[in-house]
Amino acid sequence: MSSFLKKLGLFAGIFLLYTCTMYVINLGLMDFQRPDLQGKRTVIVGDSHPLFALNPKLLHSAANISQTSEPYYATFWKLKEILKENQLDTVIMGFSYHNLSAVNDQKFNDPFWAHKMFWRIYPIEEFDQLEGIEVDRLTFYHTKFENMCFYPNFSHTNYIGTYANADKNDVSDYENIIARHYFYNDENAGISDLSIQYLDSVRALCERRNIELLLICTPLHKEYTARIPVNFVSAFEDVKQQMTRKGVPVFDYGQMAFEQSYFLNSDHLNAQGADVFTVDFREQLNALARNRQTVRQDVRFVSNEQLTGSQD
Amino acid sequence: MLFNSLDFAVFLPIVFVLYWFVVNKNLKLQNILIMLASYVFYGWWDWRFLSLIIFSTFVDYGVGLAISRQDPEKDKSKRKLLLWTSILINLGFLGVFKYYNFFLDNFVEAFSFMGYPIGASSLNIILPVGISFYTFQTLSYTIDVYKGKLTPTKDFVAFSAYVSFFPQLVAGPIERATQLLPQFYKKRVFSQPLAIDGLRQILWGLFKKVVIADNCAEYANMIFNNSGDYSGSTLVLGALFFTFQIYCDFSGYSDIAIGTSRLFGFDLMRNFAFPYFSRDIAEFWRRWHISLSTWFRDYLYIPLGGSKGGLTKKIRNTFIIFIVSGFWHGANWTFIIWGALNALYFLPLLLLKQNRNNLETVAQGKLVPGINELFKIGTTFSLTVMAWVFFRAESVTHAFAFLGEIFSLSLFTFPEVLPVKLMLMIAGFMIVEWIGRESEFAIADFGKNWYRPARWGMYYGLVVSILILSGSKQEFIYFQF
């Protein structure tokens, strides 16, 4: 028995030593791997709606770092991390009906989402600040263990997304999307107070750092918008007004008519739609910059002239 | 608690330490610890389940003793009555918890079909985990006592420990009383080789379950749950993923169960013997879920007459055994059809007296099989995969639609889902299984002659694979049975 226990102890001990060494090495690597926006002054953040809708190449000095299914608390942590090493003028943040859904409160606990979320946010999480939502700690530590304890990991910045799109067009998925966004266990998920709170935290963070925050509700197909539960529509309008009162411009394209062929599916734009929309949005931003009394002189957007070489 | 959970990772060392360091000098205490640990293990799912297993234990303990007190010649009817008491109570539990709603729904549907709709309330019952396994285990005790193959035990603790033995309680192997119960009469002495073999088998079982089965499950579930959206070629992949999922899930669990038992000095029966390398269906059923198939053979097939008697009897018995086996798995027509399909596969071999071929391991002593063997393995495997479609499908209609799409022109299109990494993992896994097919489990003898650093490197590789390559956590499939 003693021989067996010694061998078992040695086996476990070697494994423990190796994993601890790797953990220390990765802590060091994490320090070196800060998100580098390469001088970009505008970031587009949020979930898949801004991710698919805004082509950063059509905006001056912009980076689209949105990621699919990202809840507002993750966006907040991401921005805090980015601002440690980067200077920003403008944050364009996705703001839509489903961002206020309490389905978002399940993303750190639901078996489908938890591992994917943890894979991104393990270096920047602040779970202790999240009140009232459950976090699957076991899956989190397992994910962190995978990323920190086996090999020198040179990609600890999985929380930074990049723009990507496709040229497909199929809007028949609205029933599934509505169910996924607004219902949990077949019941109306309700409004997430925590999401609203973190949206305001982003606003406050931008205000402290003298960054212009713009909220954008990207185009949604009419089949999708017609099915959004009423409580989410009301909550969205309330929060929109609150943000507007606090001086945050809200660009609401959610109910706007948009060419059917520009949709990837019922709630995302495809590549062609994103290009058209980004140009249109850019013009709105330029108009805003021109017309506002407290115009920020350092907000510059690429004009059509610069883009195409032709006159506006 | 699941074998691949933190709860079990804490539970097992505690029980191990108590077993070998605290109670090791006393047989009774060893058995009491096993019994209590097993009740904790089982009650972890739901403490209410304990009442059933404890009641079943009392009934069969009492029946065993009562049978032995009757004169085998003078009190035949009394002995039979006692036996049937045990059978009816055990199968009664199974019937109520597992099959009541199935029979009720079919009853109501049949009457509606005939134009006499009736209303009936189904029961909202949770199926106790492992009920299909431990009821069969206790039945084997009373039947063997009745047949005179086993002396009934007076040691209630030993009997309770046998019934509830936690490594194999919820998903087998279904142990015969003649094999497992006597092991509770002798004090277990720690054996390092047995313990190390046990750990190796646990490691391999975890790898099969967590790396192969759980990863296959993600794709199998996606394809089966949305089968209407996919082409025939994708559905073939879905069927294959389920084929490997069910094998690795179930045999993985059995490996962990057997390995864990070895840590405590117990020897459980082998439950899987590389069934996907079988050359015919008869061989497949000698290698798949061995504890269940032999149970049905000994307690149902042989009493019915087995393969003796006329043609009608042979056909009847074959269908009974396979259909009951299918029905044991679940209260759904899909399982019954799965069983019937296997009966159809098996019958020609039985009638042509070809069901006792291929008793030795395929390509014994050789690295690669011959062309003929390869063809037979491929054919048997394909038939098995087709049958698994019924096992996995939600309904009979779903299964037929699934197979219909497979055997359509869309079979020749490029699959919409092609997880290359997973397919390579499965291929690598099957190569390891092939190399180790003459052993008790694939890595049983792997690396035993290597130097320690190489051998431990292999173990570390498996541990890291389990930690990094694990799929989304899935419950063991056979828990639902």
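(A) Up close: the overall build of chain A. Summing up its helical and strand segments, chain A has 11 helices and nine strands in all. Relative to the globule expectation of 20 Å for 312 residues, the C-alpha radius of gyration of chain A, 22 Å, shows essentially globular dimensions. With the C-alpha coordinates of chain A rotated into their principal frame, the extents come out at 85 × 45 × 35 Å. Contacts in chain A between residues at least 24 apart in sequence constitute 77% of all its contacts with a sequence separation of at least 6. When the accessible area of chain A is evaluated, it comes to approximately 14,700 Å², of which 51% is carbon and sulfur surface. Taking the average location of the 29 positive side-chain charges in chain A and that of its 38 negative ones, the two points are 6 Å from each other.

(B) Representation of the packing of aromatic side chains within the structure. Per the counting criterion, the structure on display carries 97 aromatic pairs over all chains. When the centroid spacing of 5.2 Å and the interplanar angle of 70 degrees are considered together, the rings of A:Phe108 and A:Phe127 count as edge-to-face. Pair noted here: A:Phe108 is in the loop between strand S3 (90-94) and helix H4 (114-121) and A:Phe127 is in the loop between H4 and helix H5 (137-148), with a separation of 19 residues, a long-range link. Here the two residues A:Phe108 and A:Phe127 agree in accessibility, since each one is buried. Ring geometry for B:Phe242 against B:Phe391: centres 6.4 Å apart, planes inclined by 35 degrees, an arrangement best described as tilted. With B:Phe242 in helix H9 (residues 232-263) and B:Phe391 in helix H14 (residues 371-392), this pair connects stretches of sequence that are 149 residues apart. What makes B:Phe391 buried here is its relative accessible area of 5%.

(C) Structural view of the interface of chain A and chain B. Each side of the interface is counted separately: chain A has 15 residues, and chain B has 19 residues. In total, chain A and chain B occlude about 1,700 Å² of area from one another, counting both sides; carbon and sulfur atoms represent 80% of this. When the buried surface of chain A facing chain B is broken down by residue, A:Met1, A:Phe4 and A:Phe11 rank first, second and third, together holding 40% of it. There are zero salt bridges connecting chain A and chain B. The interface formed by chain A and chain B holds four residue pairs in polar contact (both at pLDDT 80 or more) in total. If you list the elements that add at least two residues to the side of chain A that touches chain B, you get helix H1 (2-32) and H5 of chain A.

(D) Up close: the packing of helix H3 (residues 49-69) of chain B against helix H5 (residues 131-146) of chain B. Residue and element names in this part refer to chain B. Between H3 and H5, whose axes approach to 9 Å, the crossing angle comes to 10 degrees. Here H5 runs roughly parallel to H3, going by the angle between their axes. Residues Leu52, Ile53, Ser56, Asp60, Val63, Gly64 and Ile67 of H3 form the contact with H5, whose participating residues are Ile131, Tyr134, Thr138, Tyr141, Thr142, Val145 and Tyr146. Each residue belonging to the contact of H3 with H5 can be placed in one class, and the counts come to nine nonpolar, four polar and one charged.

(E) Broad picture of helix H12 (residues 311-329) of chain B. All names here are of chain B. For H12, built from 19 residues, the straight-helix expectation of 27 Å at 1.5 Å per residue is met to within 8% by its first-to-last C-alpha distance of 28 Å. Residues of H12 that are buried include every one of Lys314, Asn317, Thr318, Ile321, Phe322, Ser325, Gly326, Phe327, Trp328 and His329, and no others. Its buried side turned inward, H12 meets helix H4 (76-113), H5, helix H10 (281-287), helix H11 (290-304), helix H13 (333-351) and H14.

(F) Just the sheet that holds S3(A), in detail. Residues and elements named next belong to chain A. Across the sheet, which stays open at both edges, the five strands sit in the order S2-S1-S3-S6-S7 with parallel pairing between neighbours. Whereas interior strands pair on both sides, the edge strands pair on one side only; in this sheet they are strand S2 (62-64) and strand S7 (250-252). On average, each strand axis in the sheet is tilted by 20 degrees relative to the strand beside it, whichever way the strands run. Inspection of the sheet shows strand S1 (residues 42-45) paired to S3 by four bridges, in the parallel sense. Looking across to S3, one finds that Val45 is bridged to Met93.

Cut-offs and rules
Residues numbered from 1 in each chain as written. Chains lettered and ligands numbered in written order. Predicted model: local features only at pLDDT ≥ 70, side-chain atom pairs only at ≥ 80, totals over all residues. Heavy atoms only, no water. Helix = DSSP H or I, 4+ residues; strand = E, 2+ residues; numbered from the N terminus. Rg over C-alpha atoms; globule rule 2.2 N^0.38 Å. Contact = heavy atoms within 4.5 Å. Areas by Shrake-Rupley, 256 points an atom, 1.4 Å probe, with all protein chains shown as cover. Lys, Arg positive; Asp, Glu negative; His and termini not counted. Charge placed at Lys NZ, Arg CZ, Asp CG, Glu CD. Phe/Tyr/Trp six-rings, centres within 6.5 Å; stacked < 30°, edge-to-face > 60°. Buried < 20%, exposed > 50% of the residue type's maximum accessible area, 1.4 Å probe, protein only. Buried area = accessible area lost by both parts, 1.4 Å probe. Salt bridge = Lys/Arg side-chain N within 4 Å of Asp/Glu carboxyl O. Polar contact = N/O pair within 3.5 Å; in protein donor to acceptor, adjacent residues only side chain to side chain. Axes fitted to C-alpha atoms, helices over the stretch in contact; angles between N-to-C directions. Parallel < 35°, antiparallel > 145°, perpendicular 65-115°, else oblique. Nonpolar A, V, L, I, M, F, W, Y, C, P; charged D, E, K, R; others polar. Expected span 1.5 Å × (residues − 1). Pairing = 2+ DSSP bridges.

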